[in-house]
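Each chain, written out:
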Amino acid sequence: MRSGEFNELLREAPPPTVDDVSITADGERLDTKEKVLAFCERLAAERAQTS
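Since the model is a prediction, treat every value here as computed from it, not as a measurement.

Criteria and cut-off values
- Residues numbered from 1 in each chain as written.
- Predicted model: local features only at pLDDT ≥ 70, side-chain atom pairs only at ≥ 80, totals over all residues.
- Heavy atoms only, no water.
- Patch = residues over 30% accessible without salt bridge, like charges linked within 9 Å, V, L, I, M, F, W, Y side chains within 5 Å.
- Areas by Shrake-Rupley, 256 points an atom, 1.4 Å probe, with all protein chains shown as cover.
- Salt bridge = Lys/Arg side-chain N within 4 Å of Asp/Glu carboxyl O.
- Helix = DSSP H or I, 4+ residues; strand = E, 2+ residues; numbered from the N terminus.
- Buried < 20%, exposed > 50% of the residue type's maximum accessible area, 1.4 Å probe, protein only.
- Polar contact = N/O pair within 3.5 Å; in protein donor to acceptor, adjacent residues only side chain to side chain.
- Contact = heavy atoms within 4.5 Å.

Draft legend 1. Geometry of a nonpolar patch on the surface. The grouping of Met1, Phe6, Leu9 and Leu10 at the surface amounts to a nonpolar patch, some 470 Å² of accessible area in total. Counting through the fold element by element, Leu9 comes out in helix α1 (residues 3–10).

Draft legend 2. Representation of the pattern of salt bridges. Applying the stated rule across the entire model yields four salt bridges. As a salt-bridge pair, Glu8 and Arg11 come within 3.0 Å of each other at their nearest N and O atoms. Judged by its relative accessible area of 55%, Arg11 falls in the exposed class. Note that Glu28 is salt-bridged to Arg42, the shortest N-O span being 2.6 Å. Of this pair, Glu28 sits in the loop between β1 (22–23) and β2 (29–30) while Arg42 sits in helix α2 (residues 33–50), placing them 14 residues apart in sequence. Taking relative accessible area as the criterion, Glu28 reaches 25% and is therefore assigned partly exposed. On the basis of relative accessibility, which here comes to 36%, the residue Arg42 falls in the partly exposed class. Counted as one network, the salt bridges with shared partners bring together Glu8, Arg11 and Glu12.

Draft legend 3. Quick peek at the side chain of Thr24. By the element assignment, Thr24 lies in the loop between β1 and β2. Judged by relative accessible area, which is 12%, Thr24 ranks as buried. A polar atom in the side chain of Thr24 sits 2.3 Å from the side chain of Asp26. In contact with Thr24, not counting residues within four places along its chain, are Leu30 and Phe39.

Worth remembering: the numbers are spatial, not functional.
Following this line, the structure appears as structure tokens:
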């Protein structure tokens, strides 16, 4: 899916609620800045290993 298509799907979505957080496929809740940054670092390291 292209970013424009994704944005179009969300254009009419309701605004987030105070308890909305991203959850990874393995169930990790990314509910703080530190958790998001750590997730991004792990993802970058995994991608670097596969390239």
